[in-house]
Amino acid sequence: NSRQNKDHDSSGSTTVGCDCPFFVSVRGRVFATSRSTLRNFEADTFFSSLLRFHGEQNEAHDGTTNHEQNNNTIFLDRDPDVFEVLLPWMANPKQTEICVSSMTPEFRKKFLEDIQFYNITSLMTSLGPLLLDQPLTEESASADSNDH
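Since the model is a prediction, treat every value here as computed from it, not as a measurement. Position labels on residues start from 1 in each chain and follow its written sequence. Local features in this predicted model are restricted to residues of pLDDT 70 or higher, and side-chain atom pairs are both shown and tallied only at a pLDDT of 80 or more, whereas totals for entire chains, interfaces and linings draw on every residue. Each side-chain value is derived from all of the structure's non-hydrogen atoms; neither hydrogens nor water enter the calculation.

**Here's the deal with the side chain of serine 25**
Think of it this way: any DSSP run of H or I at least four residues long counts as a helix, any run of E at least two long counts as a strand, and we number them from the N terminus. Within the secondary structure, serine 25 is located in strand 3 (residues 22-26). When a residue's accessible area, from a 1.4 Å probe over protein chains only, is under 20% of the maximum for its type it is buried; when over 50% it is exposed; and in between it is partly exposed. With a relative accessible area of 8%, serine 25 lands in the buried category.

**Notes on the pairing of strand 4 (residues 29-33)**
Between any two strands, pairing holds if DSSP finds at least two bridges. Sheet topology note: the strand 3/strand 4 ladder contains five bridges and is antiparallel. Following the sheet pairing, phenylalanine 22 is matched in strand 4 by threonine 33.

**So, the pattern of salt bridges**
Where charged atoms from two side chains of opposite charge come close, those side chains can pair. We count a salt bridge whenever a side-chain nitrogen from Lys or Arg sits within 4 Å of a carboxyl oxygen from Asp or Glu. Applying the stated rule across the entire model yields six salt bridges. Aspartate 81 is paired through a salt bridge with arginine 29; the nearest N and O atoms lie 2.6 Å apart. With aspartate 81 in helix 3 (residues 80-91) and arginine 29 in strand 4, the pair connects residues that are 52 residues apart, well separated along the chain. Here glutamate 84 makes a salt bridge to arginine 29, at a shortest N to O gap of 3.2 Å. Placement of glutamate 84 in helix 3 and of arginine 29 in strand 4 is noted, with a sequence separation of 55 residues between them. The exposure class of glutamate 84 is partly exposed, given its relative accessible area of 46%. Here arginine 29 falls in the partly exposed class, since its relative accessible area comes to 31%.

**Remarks on the confidence of the model for the protein chain**
Confidence along the protein chain averages 75 in pLDDT terms, with 65% of residues attaining 70 or more. The pLDDT score gives, residue by residue, the confidence of the prediction method on a 0 to 100 scale. Mean pLDDT across the elements of the protein chain bottoms out in helix 6 (residues 138-146) (38) and peaks in strand 4 (96). By definition in these notes, contact holds between two residues if any of their heavy atoms fall within 4.5 Å. Here residues 1-16 is modelled with pLDDT under 50, and outside its nearest four sequence neighbours on either side it reaches 33 contacts, counting other chains as well.

**Digging into the sheet that holds strand 4**
Across a sheet, paired strands are connected by hydrogen bonds in the backbone, their directions being either parallel or antiparallel. Spatial strand order, 4-3-5: three strands in an open sheet with mixed pairing. Each having just a single partner strand, strand 4 and strand 5 (73-76) make up the two edges of the open sheet. Going from strand to strand, the sheet's axes swing by 20° on average, the running direction of each strand aside. Relative to strand 5, strand 3 runs parallel, the two being bridged by four bridges. Opposite serine 25, over in strand 5, you have phenylalanine 75 as the bridge partner. Relative to the sheet, helix 3 contacts strand 3, strand 4 and strand 5, its axis offset from that of strand 4 by approximately 15°. To obtain an axis, a line is fitted to C-alpha atoms, over the contacting stretch when the element is a helix, and the angle between two such axes runs from 0 to 180 degrees between their N-to-C directions.

**Notes on the environment of tyrosine 118**
Position of tyrosine 118 among the secondary structure elements: in the loop between helix 4 (105-117) and helix 5 (121-131). For tyrosine 118, a relative accessible area of 0% corresponds to the buried category. Along the backbone, tyrosine 118 and phenylalanine 46 are 72 residues apart, and their C-alpha atoms lie at a distance of 4.7 Å. Discounting residues that sit within four places of it in the chain, tyrosine 118 has contacts with Thr45, Phe46, Phe47, Leu76, Arg78, Phe83 and Leu86.

**Things to note about the packing of aromatic side chains**
Ring pairs (aromatic) are described by centroid distance and by the angle formed between their planes. For Phe, Tyr and Trp, rings pair up if their centres lie within 6.5 Å, where Trp contributes its six-membered ring, and each pair is then called stacked (planes under 30 degrees apart), edge-to-face (over 60) or tilted (otherwise). For the structure on display, the rule yields nine aromatic pairs. Measuring from ring centre to ring centre gives 5.4 Å for phenylalanine 46 and phenylalanine 47, while their planes differ by 80°; the resulting arrangement is edge-to-face. Accessibility expressed as a relative area gives 21% for phenylalanine 46, which makes it partly exposed. Considering the side-chain rings of phenylalanine 83 and tyrosine 118, the 6.4 Å spacing of their centres and the 70° angle between planes classify their relative orientation as edge-to-face. With phenylalanine 83 in helix 3 and tyrosine 118 in the loop between helix 4 and helix 5, this pair connects stretches of sequence that are 35 residues apart. Clustering of aromatic rings is evident, with ring pairs tying together Phe31, Phe46, Phe47, Phe83, Phe117 and Tyr118. The ring of phenylalanine 117 has arginine 78 lying over it, and the distance from NZ or CZ to the ring centre is 4.0 Å. Throughout this description, the term charge over a ring refers to an Arg CZ or Lys NZ atom that lies within 6 Å of the ring centre and within 35 degrees of the ring normal.

See below:
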């Protein structure tokens, strides 16, 4: 028997979920996590939408939320190396640092593409300029506004 519990997503709504592992297969590399990790850091991300859809599909299957019968795996055709960096941050965004300076230019590009795909706005805002290798400074911001 899997235990049922009520989770609260970032929008404050209550959802019925399972405390069992949830798996994300990213181009064949499987990551074990939980539904709450994928939806606790921000509302309206790719993951929160996907989990709502995944839950609706599972419940529509037989009218129950029998998680032992339903597949708790989602498949993503994205970069698994990027997801490996993102997952610890999603689990604990306030205490996990993403070190952009150690990323290669190619990885920075992939990382930016994936956080845009996943619609993680807080990372797009905070890391976007660094990932583009164009950190925003007061001087560059005023120069940009003077050019227009």
